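The residues making up each chain are set out below.
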Amino acid sequence: MGDGYLPYAADAEQSLSADELLVLQRQYERELPQARIQTKFNYAWGLIKSPNKREQRLGVSLMHDIYNEKAERKRECLYYLGIGYYKMGEYGNARVHIEQLLALEPNNAQARSLRELIDEKVARDGMIGLAVSGGAVALLGIVAAAIFKKRSK
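These numbers come from a predicted model, not from an experiment.

Can you help me understand the UniProt feature "repeat: TPR" (unreviewed entry) in the protein in this one?
The sites that UniProt annotates as "repeat: TPR" (unreviewed entry) are residues 75-108. Secondary structure within residues 75-108 divides into 79% helix and 0% strand; the distance between the first and last C-alpha atoms comes to 10 Å.

Can you help me understand the packing of helix α4 (residues 74-87) against helix α5 (residues 91-104) in this one?
Axes are the key here: two packed helices are described by the angle between their axes and the distance separating the axes. At a closest axis distance of 7 Å, the pairing of α4 and α5 adopts a crossing angle of 160°. Relative to α5, the element α4 lies roughly antiparallel. Crossing of α4 over α5 shows left-handed handedness. Of α5, the residues touching α4 (which contributes Arg 75, Leu 78, Tyr 79, Leu 81, Gly 82, Tyr 85 and Tyr 86) are Tyr 91, Asn 93, Ala 94, His 97, Ile 98, Gln 100, Leu 101 and Leu 104. Each residue belonging to the contact of α4 with α5 can be placed in one class, and the counts come to 10 nonpolar, 4 polar and 1 charged.

Whenever I open this one, the packing of aromatic side chains confuses me. Can you help?
Between two aromatic rings, the relevant description is the distance of the centres plus the angle of the planes. One pass over the structure, following the stated rule, counts 4 aromatic pairs. The interplanar angle of 80° and the centroid separation of 5.9 Å between the aromatic rings of Phe 41 and Tyr 80 together place this pair among those described as edge-to-face. Of this pair, Phe 41 sits in helix α2 (residues 37-48) while Tyr 80 is found in helix α4, placing the two residues 39 residues apart along the sequence. A relative accessible area of 12% places Tyr 80 in the buried class. Joined through ring pairs, the aromatic side chains of Phe 41, Tyr 79 and Tyr 80 make up one cluster. Above the ring of Phe 41, the side-chain terminus of Arg 73 is found at 4.4 Å from the ring centroid. In this arrangement the basic side chain of Lys 74 is found over the ring face of Tyr 67, its NZ or CZ atom lying 4.0 Å from the centre.

Which parts of the structure should I look at to understand the pattern of salt bridges?
For side chains bearing opposite charge, pairing can occur when the charged atoms are close. Inspection of the entire model under this criterion finds 9 salt bridges. A salt bridge links Arg 36 to Glu 31, with the nearest nitrogen and oxygen atoms 3.0 Å apart. One salt bridge connects Asp 119 with Arg 95, and the closest N-O pair in it is separated by 2.1 Å. Of the two residues, Asp 119 sits in helix α6 (residues 109-151) while Arg 95 sits in helix α5, which places them 24 residues apart along the sequence. For Arg 95, a relative accessible area of 28% corresponds to the partly exposed category.

Cut-offs applied
Residues numbered from 1 in each chain as written. Predicted model: local features only at pLDDT ≥ 70, side-chain atom pairs only at ≥ 80, totals over all residues. Heavy atoms only, no water. UniProt positions renumbered as here; feature names shortened; annotations may be inferred. Helix = DSSP H or I, 4+ residues; strand = E, 2+ residues; numbered from the N terminus. Axes fitted to C-alpha atoms, helices over the stretch in contact; angles between N-to-C directions. Parallel < 35°, antiparallel > 145°, perpendicular 65-115°, else oblique. Left-handed = near helix turned anticlockwise from the far one by under 90°. Contact = heavy atoms within 4.5 Å. Nonpolar A, V, L, I, M, F, W, Y, C, P; charged D, E, K, R; others polar. Phe/Tyr/Trp six-rings, centres within 6.5 Å; stacked < 30°, edge-to-face > 60°. Buried < 20%, exposed > 50% of the residue type's maximum accessible area, 1.4 Å probe, protein only. Lys NZ or Arg CZ within 6 Å of the ring centre and 35° of its normal. Salt bridge = Lys/Arg side-chain N within 4 Å of Asp/Glu carboxyl O.

Here's what the structure looks like:
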């Protein structure tokens, strides 16, 4: 794809409003200590979509709980775990979960587009990292040359 438009991975970029998330939170809290799986899933999903890293981490934690508790929810949990880790910048973990999902569903368009988003982000961050480290090496070379020149006088 590469054109910046991945309709299937839109979940990776869209957030709920604070009011929408609050509705999910209140429903979840009302059902505690034995919240229904769907309620817990909805809340985890909303948290993962949040722009707030702390909320994303809580969402990922809840989604892991569901993944471990309910075999029938594993596929959707893998997708949202991939999104959660992607949003937190943990691309290795995101990739692991998306690859697990693609092993189960090789033609899953959402997972494939999210994998592409992850790959693009890793490549872009890698290029930035190379540029920064290259600049640092060049700067060290200049400093070392200046020191060597000063000592040789």
